There are 2 protein chains.
Amino acid sequence: MLRISKLSDYAIIILGHMAKAPSQTFAANDLAGSAGIGGPTVSKVLKALVKAHVVRSTRGPKGGYQLAQTPEKTSIASIIAALEGPIALTECSIDLSHCEQASSCNVRGNWSVINRAIHAALEAVTLADMAITPPMGSDGFHIPVKDITFQPRRNPEQ
Amino acid sequence: MLRISKLSDYAIIILGHMAKAPSQTFAANDLAGSAGIGGPTVSKVLKALVKAHVVRSTRGPKGGYQLAQTPEKTSIASIIAALEGPIALTECSIDLSHCEQASSCNVRGNWSVINRAIHAALEAVTLADMAITPPMGSDGFHIPVKDITFQPRRNPEQ
DNA sequence: TTAAAGAGGACTAAAATGGTCCCCAATAAA
DNA sequence: TTTATTGGGGACCATTTTAGTCCTCTTTAA
Ligand code: SF4
Ligand code: SF4
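Residues numbered from 1 in each chain as written. Chains lettered and ligands numbered in written order. Predicted model: local features only at pLDDT ≥ 70, side-chain atom pairs only at ≥ 80, totals over all residues. Heavy atoms only, no water.

## Comments concerning the overall build of chain A
Then, in step 1: Along the backbone of chain A there are seven helices and three strands.
Then, in step 2: N-terminal to C-terminal, the α/β element order of chain A is α-α-α-β-β-α-α-α-α-β.
Then, in step 3: Each of the 158 residues in chain A was classed as buried or not, and the buried ones make up 51%.
Then, in step 4: Sequence separation of 24 or more characterises 60% of the internal contacts of chain A that already satisfy a separation of 6 or more. (Helix = DSSP H or I, 4+ residues; strand = E, 2+ residues; numbered from the N terminus. Buried < 20%, exposed > 50% of the residue type's maximum accessible area, 1.4 Å probe, protein only. Contact = heavy atoms within 4.5 Å.)

Following this line, the structure appears as structure tokens:
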């Protein structure tokens, strides 16, 4: 199904809450409450986000977590990468040596096109886009505030 | 890592071989040989591709598998969907009721933007693009023959 | 009639994932 | 200086998912 992991999903929900007060510091437990996710799990997610410099942390009483950047500068790609590592659909995109088929594989080179496309799509949407609640359409679905169009073109000059 | 499954990867490799003779019929075992993948596994992949109408099958002696469409008309999206089901990054994109957080989730609606972007990217690349062996660049990497550009724009008229 | 193919599905081992817990470090406030 | 509150790091385990194999049945050309 090409799914992101639950933890990545949680991360976006949690950051969505934080984005509503971008400079405020939140305790992990408070975030767990408002997101409806278990405390330990929220902690786990936030720890990963700290490592990836998506949020900053402060220890001690009155400590907590704070967005490291404005919501506009925090891409969905960076959030997913924080939880799941580099965004790459195939083994070889990370490290060729990990794939046993590599030597006989004849589609290897072409994956980079797709990888870059996916990455660009996830990079183009930011936390700010996710955090807003767009107007509800008549069909019960939110109307997206941002659309992404594609222009496949052959033999780019590069 | 946002990876596709190994079976999807195999599918693309196998179809890559078939794309070189789009109207030929291949026995599963022959494909296993040329792809360097185990016979039973290749069979499993091909069965899934038949169900999704990506390939056609013929039983009996001299039977085998054949592309259902030209490589140009076979999108990577359809191949991945054949092996992994609908392309959707989050639970709620498939069926809202599957997600426990749904009621308290405030980013739900915005995922559709990303989902459509990913789907469009995978739809834009075809088996024909994957099957070719592009010229090797001086840095040891193939030069992609197709590039996909993104144009995020706000508040589309829809 | 036979042999060569695929169809369908059960089954298992291994890997990934999600969730919890424990103990340590930092620090603000009493 | 002590204490209480917060995060850091990582181990741990149960569950789910994935990958791979195998068996039996159906189809069909020779
Ligand atoms: S080298 Fe080929 S088989 Fe291996 S991960 Fe890349 S595309 Fe897949
Ligand atoms: S409803 Fe929210 S929490 Fe549930 S899958 Fe969708 S985005 Fe994730």
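## Observations regarding the protein's contact with DNA strand D
Then, in step 1: Taken together, 23 residues lie near DNA strand D, and A:Ser57, A:Arg59, A:Tyr65, B:Lys6 and B:Lys44 sit nearest.
Then, in step 2: A:Lys47 has a polar side-chain atom sitting 2.8 Å from a base nitrogen of DNA strand D.
Then, in step 3: Among the elements of the structure, helix H3 (39-51), strand S1 (55-58) and strand S2 (64-67) of chain A together with helix H1 (6-18) and helix H3 (39-51) of chain B are those that each provide at least two residues to the surface near DNA strand D.
Then, in step 4: Grouping the constituent residues of the surface near DNA strand D by class yields 10 nonpolar, eight polar and five charged. (Near = heavy atom within 4 Å. Polar contact = N/O pair within 3.5 Å; in protein donor to acceptor, adjacent residues only side chain to side chain. Nonpolar A, V, L, I, M, F, W, Y, C, P; charged D, E, K, R; others polar.)

## Some points on the site of ligand 2
Then, in step 1: Neighbouring residues of ligand 2: A:Asp9, A:Ile13, B:Thr90, B:Glu91, B:Cys92, B:Cys99, B:Gln101, B:Ala102, B:Cys105, B:Arg108 and B:Trp111.
Then, in step 2: Near ligand 2, the surrounding residues are drawn from chains A and B.
Then, in step 3: Among the secondary structure elements, those contributing two or more residues to the shell around ligand 2 are helix H1 (6-18) of chain A together with helix H5 (91-94) of chain B.
Then, in step 4: Residues belonging to the shell around ligand 2 are distributed by class as follows: six nonpolar, two polar and three charged.

## A word on the site of ligand 1
Then, in step 1: Close contacts around ligand 1 come from A:Thr90, A:Glu91, A:Cys92, A:Cys99, A:Gln101, A:Ala102, A:Cys105, A:Arg108, A:Trp111, B:Asp9 and B:Ile13, and that covers them all.
Then, in step 2: Neighbouring residues of ligand 1 are not confined to a single chain but are spread across chains A and B.
Then, in step 3: Put simply, the parts of the chain that give the shell around ligand 1 at least two residues each are helix H5 (91-94) of chain A together with H1 of chain B.

## As for the pairing of strand S1 (residues 55-58) of chain B
Residue and element names in this part refer to chain B.
Then, in step 1: In this structure, S1 lies alongside strand S2 (residues 64-67), joined through four bridges in antiparallel fashion. Across the sheet, the residue bridging to Ser57 is Tyr65, located in S2.
Then, in step 2: Taking the residues between adjacent antiparallel strands as the criterion, S1 and S2 are bridged by five residues, where Gly60 takes a positive phi near 80 degrees. (Pairing = 2+ DSSP bridges.)

## Observations concerning the pattern of salt bridges
Then, in step 1: Counted according to the given criterion, the structure contains two salt bridges over all chains.
Then, in step 2: For A:Arg3, the salt bridge identified is with B:Glu91, shortest N-O distance 2.8 Å. In this pair, A:Arg3 sits in the segment before H1 while B:Glu91 sits in helix H5, so the two residues belong to two different chains.
Then, in step 3: A:Arg3 sits in the partly exposed class, given a relative accessible area of 27%. (Salt bridge = Lys/Arg side-chain N within 4 Å of Asp/Glu carboxyl O.)

## Looking at the side chain of A:Glu84
Then, in step 1: Among the secondary structure elements, A:Glu84 is positioned in helix H4 (residues 76-84).
Then, in step 2: For the buried A:Glu84, no salt bridge exists, and the shortest N-O distance to an oppositely charged side chain is 8.2 Å, to A:Arg3.
Then, in step 3: Of note is the side chain of A:Glu84, whose polar atom sits 3.0 Å from the backbone nitrogen of A:Ser5.
Then, in step 4: Here A:Glu84 is in contact with A:Ile4, A:Ser5, A:Ser8, B:Met1 and B:Leu2, once residues within four sequence places are set aside. (Lys, Arg positive; Asp, Glu negative; His and termini not counted.)

## Structural notes on the protein's contact with DNA strand C
Then, in step 1: Around DNA strand C sit 23 residues, and of these A:Lys6, A:Lys44, B:Ser57, B:Arg59 and B:Tyr65 come closest.
Then, in step 2: Per the 4 Å cut-off to the protein, sugar and phosphate atoms form 63% of the nearby atoms of DNA strand C.
Then, in step 3: Within the side chain of A:Arg59, an N or O atom sits 3.2 Å from a base nitrogen of DNA strand C.
Then, in step 4: Interatomic distance of 2.8 Å between a side-chain N/O atom of B:Arg59 and a sugar or linking oxygen of DNA strand C.
Then, in step 5: Contributing elements (two or more residues each) for the surface near DNA strand C: H1 and H3 of chain A together with H3, S1 and S2 of chain B.
Then, in step 6: Partitioned by chemical class, the residues of the surface near DNA strand C number 10 nonpolar, seven polar and six charged.

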